[in-house]
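Residues per chain are reported as follows:
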Amino acid sequence: MTDSQLKNMTRTTSYGLTAFFMFFLAIQNYRYGFYELVYTATFLIPLLGFGIAYTYAQRFFEIKDHAHPILLAVMVVLIASNINETSSNATLWLYPIGLLSYLVLPFRMSNVFNAGVLISLTFFIMIQQGLFNSLSFFTSYLLISSVASIFAYLHHHKNRKLIELSLHDPLTGAYNMKHLDDTLTKEISRSHVTGNTLSLIALKVDYFDQFTDVHGNNAAKDLTIELSEMLGGMIRAGDSHYYDDNSLFYMLLPNTPQEGMLIMTERVRRTVEETKWQTIGTMTVSVGCTTSTEKPTTAESLLKEVQCALSDAEANGHNRVNHFTQQ
Ligand SMILES: Nc1nc2c(ncn2[C@@H]2O[C@H](COP(=O)(O)OP(=O)(O)OP(=O)(O)O)[C@@H](O)[C@H]2O)c(=O)[nH]1
């Protein structure tokens with residue numbers, strides 16, 4: 001299940017459960033003779049139904065999320081219209097809306113929404129029913145929305161960590177190969193639309209296996225981290241670098257023509273050669289590079305081209321930049 005399918009399912013279920021809860025509250029109010037709240041429920045339940053329909057439509061059409069906060073705000077106003085000098089039963093109906101907001105709105109927006117409800121309704125109840133009732137609403141709504149907010153925050157935080165872990169290589173902090181596949185596919189489509197050239201570079205430390213045999217795995221890891229930091233510092237905003245394995249790096253340069261890419265790769269090769277490396281003193285790298293042509297291409301074929309160019313650079317004596325040429 002994709003992220004957006006899961007989000008839509010959560011929203012639909014949350015609207016459905018809230019509608020069920022409202023229906024139950026409406027029956028209770030009918031039994032006790034609070035007919036105004038029953039009338040309000042006849043508006044609220046269709047509004048929640050609209051929320052379900054809107055979420056469903058979002059699966060098929062590119063519709064923004066704007067309707068969700070508006071829908072929740074309308075429901076709060078409808079409920080608040082039942083609060084008067086004598087009755088505060090309607091405040092009970094606000095809690096499920098507050099909880100619903102954490103399930104259908106983005107985290108920050110739901111915090112702002114609940115803060116707005118808390119402040120405006122506290123003042124409104126104070127005017128209608130005095131300080132004691134408004135304080136009682138304030139404390140109970142604050143407690144419930146804070147608990148919901150803490151849970152939502154934990155979920156949001158874990159989610160961000162998981163996304164980061166799924167995109168980055170744990171050793172170097174560079175992006176991983178799965179992310180390169182995804183980004184490359186997107187950038188290829190973009191370059192077809194805009195007509196801008198896309199450049200891809202593969203770079204590998206020369207004689208890295210021998211280095212590992214002599215200096216050990218830890219030194220090899222330290223060198224890889226050092227090199228990754230250097231590459232990350234040399235690329236421009238909009239470029240990105242990726243780590244595969246065995247000291248093999250890729251760099252993706254959108255909107256960069258062949259001449260620009262050759263300037264950039266030669267600069268990287270020379271900088272590596274001239275740098276005093278903590279773990280090894282001096283070292284060199286071989287670089288393979290390719291640029292997208294006007295012909296339709298795929299991420300797979302660009303990767304093959306760049307790997308082929310890198311193998312040729314290594315076969316022709318290492319410490320060189322080699323641009324892929326069609327045989
Ligand atoms: N994408 C990308 N291209 C680069 C980078 N460095 C150099 N280039 C390319 O090489 C060309 C010449 O770059 P430089 O030698 O830095 O000259 P420059 O006058 O600073 O280049 P501009 O910043 O584009 O004006 C640029 O126009 C780019 O196409 C880089 O880090 N990333």
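Residues numbered from 1 in each chain as written. Predicted model: local features only at pLDDT ≥ 70, side-chain atom pairs only at ≥ 80, totals over all residues. Heavy atoms only, no water.

Draft legend 1. Structural detail: the site of the ligand. Residues in close proximity to the ligand include M234, I235, R236, D239, L253, T256, G260, I263, M264 and R267, which together make up its full environment. In the model, an oxygen atom of the ligand is placed 3.1 Å from a nitrogen or oxygen of the R236 side chain. Within the side chain of T256, an N or O atom sits 2.9 Å from a nitrogen atom of the ligand. It is helix α10 (residues 258-274) that provides the largest number of residues to the shell around the ligand, a total of four residues. Among the residues making up the shell around the ligand, the classes are represented as five nonpolar, two polar and three charged. (Near = heavy atom within 4 Å. Polar contact = N/O pair within 3.5 Å; in protein donor to acceptor, adjacent residues only side chain to side chain. Helix = DSSP H or I, 4+ residues; strand = E, 2+ residues; numbered from the N terminus. Nonpolar A, V, L, I, M, F, W, Y, C, P; charged D, E, K, R; others polar.)

Draft legend 2. Highlighting the packing of aromatic side chains. Tallying each qualifying case throughout the model produces nine aromatic pairs. Plain terms: the ring middles of Y30 and Y35 are 5.7 Å apart, the flat faces sit at 70 degrees to each other, and that makes the pair edge-to-face. Using a relative accessible area of 52% as the deciding quantity, one classes Y30 as exposed. Taking the centre distance of 6.0 Å and the plane angle of 40 degrees together, the rings of F50 and Y54 count as tilted. Linking F50 with Y54, this pair stays in helix α2 (residues 35-60), spanning four residues, or about one helical turn. Overall, the relative accessible area of 15% leaves Y54 in the buried class. Taken together, the aromatic side chains of Y95, F137 and Y141 make up a single cluster linked through ring pairs. Of note, R31 hangs over the ring of Y32, and the distance from its end group to the ring centre comes to 5.7 Å. (Phe/Tyr/Trp six-rings, centres within 6.5 Å; stacked < 30°, edge-to-face > 60°. Buried < 20%, exposed > 50% of the residue type's maximum accessible area, 1.4 Å probe, protein only. Lys NZ or Arg CZ within 6 Å of the ring centre and 35° of its normal.)

Draft legend 3. Main features of the pattern of salt bridges. Tallying each qualifying case throughout the model produces five salt bridges. Between D182 and K178 there is a salt bridge, with its nearest N and O atoms 2.9 Å apart. One end of the pair is D182 and the other is K178, both in helix α7 (residues 177-194) and four residues apart, which spans about a single turn. By relative accessible area, which is 54% here, K178 ends up exposed. We note a salt bridge from E273 to R269, for which the minimum N-O separation is 3.1 Å. With E273 and R269 both in helix α10 and four residues apart, this pair spans about one turn of that helix. Residue classification places E273 among the partly exposed residues on the basis of a relative accessible area of 33%. (Salt bridge = Lys/Arg side-chain N within 4 Å of Asp/Glu carboxyl O.)

Draft legend 4. Up close: a nonpolar patch on the surface. A contiguous nonpolar patch, built from L99, L143, I144, V147 and F151 and spanning about 470 Å² of accessible area, is present on the exposed surface. Counting residues per element, the nonpolar patch draws most heavily on helix α6 (residues 131-167), which supplies four residues. Note on placement: L143 falls in helix α6. (Patch = residues over 30% accessible without salt bridge, like charges linked within 9 Å, V, L, I, M, F, W, Y side chains within 5 Å. Areas by Shrake-Rupley, 256 points an atom, 1.4 Å probe, with all protein chains shown as cover.)

Draft legend 5. Broad picture of the environment of A148. Among the structural elements, A148 can be located in helix α6. Measuring from C-alpha to C-alpha, the distance between A148 and Y102 comes to 7.1 Å, with 46 residues separating the pair along the chain.

Draft legend 6. Expanded view of the nonpolar core. By size, the foremost hydrophobic cluster in this structure holds 31 residues, and its most contacted members are L72, M75, I79, W93, I97, L121 and F137. When residues of this core are traced back to their parent elements, those giving at least two are α1 (3-32), α2, α3 (67-80), α4 (94-104), α5 (107-129) and α6. Considering every element that reaches this core, the biggest residue donor is α3, with six residues. The residues touching M75, leaving out its near neighbours within four places in the chain, are L44, L47, L48, I97 and L100. Judged by nonpolar contacts, the second largest core, of 26 residues, contains F208, F211, L227 and Y243. (Core = buried A, V, L, I, M, F, W, Y, C linked by side-chain atoms within 4.5 Å. Contact = heavy atoms within 4.5 Å.)

Draft legend 7. Looking closely at the pairing of strand β4 (residues 285-291). The buried fraction of β4 is high, at seven of seven residues. With burial as the criterion, each face of β4 is covered, one bearing V285, V287, C289 and T291 and the other bearing S286, G288 and T290. Pairing analysis gives seven bridges linking strand β1 (residues 199-205) to β4, with the strands arranged antiparallel. Note on β4: the bridge partner recorded for K204 is S286. Summarising the sheet, β4 and strand β5 (residues 321-323) pair through three bridges and their orientation is parallel. By the bridge assignment for β5, G288 is matched with N322. Regarding topology, helix α11 (residues 299-315) serves as the crossover connection from β4 to the parallel β5, and that connection is left-handed. (Pairing = 2+ DSSP bridges. Right-handed = clockwise from strand over helix to strand, strands pointing away.)

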